[in-house]
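# Close look at the chain arrangement
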Amino acid sequence: MQTYHGSCHCGAVKFEVDADLSRLGDCNCSMCSKKGSVHHRVPEERFRLISGADVLKAYQFNKKIATHFFCQNCGIHTYSHPRTAPNMYNVNIRSLDDFDLQSAEYKLSHFDGQNWETAFAAQQKARS
Ligand SMILES: [Zn+2]
């Protein structure tokens, strides 16, 4: 486990996350596919918002369970509370400043968010 530093584009939002980034995920839901995010989720105690609470805007849609946070200055989505686990922090790996997606080695798992119920049931089954 390592500490990584993330930020939005204008720098108003800064955060730290303690994570093992050998496993990352992507999702084809209407939101994630437009964001182009690759993500990794951590429990609350491994996420620290350093600055930007005042510029972060929360966006919700559909079932209004997931909460997507983005910077109101520059529009970058830095993290979310995912519908699969609303108490967790789902960090947009592309907003990390000290992790290089192109040179790092990791396993990428695909979540079929277009068929959320089926994908979530399959994920729960795989974990049990
Ligand atoms: Zn910003």
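Within any chain, residue numbers begin from 1 and follow the written order of that chain's sequence. Predicted model: local features are reported for residues with pLDDT of at least 70 only, side-chain atom pairs are reported and counted for 80 or more only, and whole-chain, interface and lining totals are derived from all residues. Note that water and hydrogens are dropped before the side-chain values are worked out from all heavy atoms of the structure.

## Things to note about the coordination of the zinc ion
Selection rule: Nitrogen, oxygen and sulfur within 2.8 Å of a metal are treated as its donors, or within 3.2 Å for sodium, potassium and calcium (Na, K, Ca); water is not counted, so a site can appear incomplete. Geometry assignment treats four donors as tetrahedral when all angles are between 85 and 135 degrees, treats four as square planar and six as octahedral when opposite donors are over 155 degrees apart and all others between 65 and 115, and treats everything else as irregular. Type-normalised accessible area, obtained with a 1.4 Å probe on protein chains alone, sets the label of each residue: buried when under 20%, exposed when over 50%, and partly exposed for intermediate values.
Only Cys8 (SG), Cys10 (SG), Cys71 (SG) and Cys74 (SG) from the protein coordinate the zinc ion, and they sit 2.3 to 2.4 Å from it. Geometry at the zinc ion is tetrahedral, judged from its four donor atoms and the angles of 105 to 120° they form at the metal. Of the residues examined, Cys71 reaches a relative accessible area of 1% and is grouped as buried.

## Points about the side chain of His40
Note the threshold: Secondary structure elements follow DSSP: runs of H or I no shorter than four residues count as helices, runs of E no shorter than two count as strands, and numbering proceeds from the N terminus. By the criterion applied in these results, polar contacts are pairs of N or O atoms within 3.5 Å in which, for protein atoms, one can donate a hydrogen and the other can accept it, and in which residues neighboring in sequence qualify only through two side-chain atoms.
Tracing the chain through its elements places His40 in strand E4 (residues 39-42). Within the structure, the side chain of His40 is placed 2.8 Å from the backbone oxygen of Arg23, a separation counted as a polar contact.

## A word on the layout of surface pockets
Our working definition: The definitions used throughout rest on a 1 Å grid laid over the protein atoms alone, on which a cavity is an enclosed set of points accommodating a 1.4 Å probe that cannot get out and a pocket is an open set flanked by protein within 12 Å on both sides along at least five of seven lines; lining residues are those having an atom within 4 Å of a point. Grid points are joined across faces, edges and corners, and a volume is the space filled by probe spheres set on the points. When residues are grouped by polarity, Ala, Val, Leu, Ile, Met, Phe, Trp, Tyr, Cys and Pro land in nonpolar, Asp, Glu, Lys and Arg in charged, and all others, Gly among them, in polar.
Taken as a whole, the largest pocket encloses approximately 940 Å³ of empty space. Together, 43 residues line the largest pocket, and Cys27, His39, Thr84, Asn90 and Phe111 are the ones closest to its centre. Taken together, the elements giving at least two residues each to the lining of the largest pocket come down to strand E3 (23-27), helix H1 (30-35), E4, strand E8 (77-81), strand E9 (89-92), strand E10 (107-111) and helix H2 (116-127). When residues of the lining of the largest pocket are assigned to their parent elements, the largest contribution, six residues, is made by H2. Residue composition of the lining of the largest pocket, by class: 14 nonpolar, 19 polar and 10 charged.

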